[in-house]
Amino acid sequence: MTKKKEHRYTLEEEIAPHIDPRWSEEFILELRLTGVSGKQIGAALAEADSHCAESGESAEEAFGAPAVYARSLDLPVQSEDRSLSRGPLPTVVKLTGMLMLVWAVSSFVQDQPASIRLGGMLSLVLLAGLVVFTMRSAEAVLRLAVQRTGLVILANVLVVATVVLLSWFLRQELFYVPSVLLMTVGAAALVAGTLWEFVMLRNRPAASGDLLISPLEGHEAAARRGAALGWAEYAQVFLLPAATGVIVLLLILVG
Amino acid sequence: MLRALAAGPTYGYEISARLEASGLGKVKGGTLYPLLKRFEAKDWVEVEWKPGEGGPGRKYYELTGEGRWRLAEMTALWKEFAAVTGGLLSESEAASTADEK
C-alpha cells in the first residue's frame, strides 16, 4: 500500500477528480463554515463530480460559483457542539495558568514575592474576553480569517501590542502574592485546563462525523483522514503548555 | 421534474438528459441538484449510491409512495388548469372573431 503524498488539494482531488480542485476547495470551505457535516459535504461533492464526469462540463459551467451552489443545496447543519464550540472555559483556565506561571517564575527565582500589576490583570481580562468572543462567533471569525487574512494578522499584532503596552505602562502594583503560591496555582491551572481540553477532545461525539468522505470511498480513506485530523488537534491542545514550559525554563536559566 | 423520475430510478445527469430530450431545454446542474435535494428532504424520493458504468459512482433517485402521490396530485391540478385556461382562451377567441364580423 503506497502512502499518498499529501499536498494542498489531495482531499479535493480524491473525492472529485473531475472537478477543478480550486472549485472544490471553495465549495467545501463554504459548507464547513456553515457547519455542515463532513459526510454531507463529501456526498454533495461526489455527486457534482459524477455529473461533471458524464456531462463533460466543468463545475463552473454546470453549477456556477461554488459558494452560491453550496448554499443553494440547503444542507442540514449540525446543531450539537462541534470542535469549535468546545466551550471557552478550558482555554481560559489554560491561559490564566500560563500567565500566572510566567509572572511568578522570575520573582520566584529572585526569592521575592510576586507583584500583580494592573497592566497584567487587564491583559488577562482582555485575553479571556477575546477567547470567549472567538469561540462564540466561531463561524464569523473563521470566515474573516479565510477571506481577510491580512486583517486577522493585524488584529493579532494589535492584541499583542496592547498587552505589552498595558504591562509596560500600568505598573501600579495591586497586591503581592507569595511566588510559590502563584507558581503552584498557575501550574495547576495550566495542567488542569490542558487535561480538560484533552478529555473533551477525546470524548467528542463521533469525531469521524466531521470527516470529509465520499459515499463511494472505503474504510481505508476514512481511517487515513481520521488519523491526520487527530494529530492537528492534539497539537492545538498541547502547544500552549509546551510553549509555557519553554518560557519558564528560559526565565529560570536567565533570572 | 417529478415526471422524469416516474419512469424508474435514475440519477442526476440522466434526469437532465431526459428533461432536455422532452423539449424543456438545458437544465443546469446548479438548478437540478438543489431541487433533487429538496425532494429528498421531503421524502418524495429515496436515494441510493451505485457504482457507475466505467466512471464514478452515481446517486440514484427513486420516487417514494408519497412522491408518486404528489406527482398524481400535481398532474391532476395541471390538467384542471389546462382545461380552465383552454376554456377561457376559446371563449375570448370566439368573442374577438364575433367583434371582427
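Residues numbered from 1 in each chain as written. Chains lettered and ligands numbered in written order. Predicted model: local features only at pLDDT ≥ 70, side-chain atom pairs only at ≥ 80, totals over all residues.

A. Structural view of the overall build of chain A. When you go through chain A residue by residue, the secondary structure sums to eleven helices and two strands. Seen in sequence order, chain A has helices and strands lined up from the N terminus as α-α-α-α-α-α-β-α-α-α-β-α-α. (Helix = DSSP H or I, 4+ residues; strand = E, 2+ residues; numbered from the N terminus.)

B. Seen up close, the nonpolar core. Ranked by internal contacts, the top residues of the largest apolar core, which has 34 residues, are A:Phe27, A:Ile41, A:Leu45, A:Ala48 and A:Ala59. Listed by contribution, the elements that provide at least two residues to this core are helix H1 (10–15), helix H2 (21–34), helix H3 (38–55), helix H4 (59–63) and helix H5 (66–72) of chain A together with helix H3 (29–41) and strand S3 (58–63) of chain B. Per element, the largest residue contribution to this core is seven residues, and it comes from H3(A). For A:Ala59, the residues in contact, after removing those within four places along its chain, are A:Ile19, A:Asp20, A:Trp23, A:Ala48 and A:Cys52. With 17 residues, the next largest nonpolar core counts A:Val93, A:Leu95, A:Leu101 and A:Met183 among its residues. (Core = buried A, V, L, I, M, F, W, Y, C linked by C-beta atoms within 7 Å. Buried ≥ 20, exposed ≤ 12 C-beta atoms within 10 Å, placed from the backbone. Contact = placed C-beta atoms within 7 Å.)

C. Molecular detail of the interface of chain B and chain A. On the chain A side, the residues contacting the 15 residues of chain B number 18 residues. For the side of chain B that touches chain A, the elements supplying multiple residues, two or more each, are helix H2 (12–24), H3 and S3 of chain B. With five residues, the top contributor of residues to the side of chain B that touches chain A is H3(B). Of the residues in the side of chain B that touches chain A, the class split is five nonpolar, six polar and four charged. (Nonpolar A, V, L, I, M, F, W, Y, C, P; charged D, E, K, R; others polar.)

D. Structural context of the UniProt feature "transmembrane region" (unreviewed entry) in chain A. All names here are of chain A. As annotated by UniProt and renumbered to match this structure, "transmembrane region" (unreviewed entry) occupies residues 116–138, 150–170, 176–196 and 234–254. For residues 150–170, the helix share is 95%, the strand share is 0%, and the end-to-end C-alpha distance is 30 Å. In residues 176–196, the share of helix is 86% and the share of strand is 10%. The end C-alpha atoms are 29 Å apart. (UniProt positions renumbered as here; feature names shortened; annotations may be inferred.)

E. Layout of the packing of H2(B) against H3(B). Residues and elements named next belong to chain B. For the pair H2 and H3, interaxial distance at closest approach is 10 Å and the crossing angle is 115°. Judged by the sense of rotation from one axis to the other, the crossing of H2 with H3 is right-handed. Along its contact with H2, which presents Gly12, Ile15 and Ser16, the element H3 presents Leu32, Tyr33 and Leu36. Residues that form the contact of H2 with H3 fall into these classes: four nonpolar, two polar and no charged. (Axes fitted to C-alpha atoms, helices over the stretch in contact; angles between N-to-C directions. Left-handed = near helix turned anticlockwise from the far one by under 90°.)

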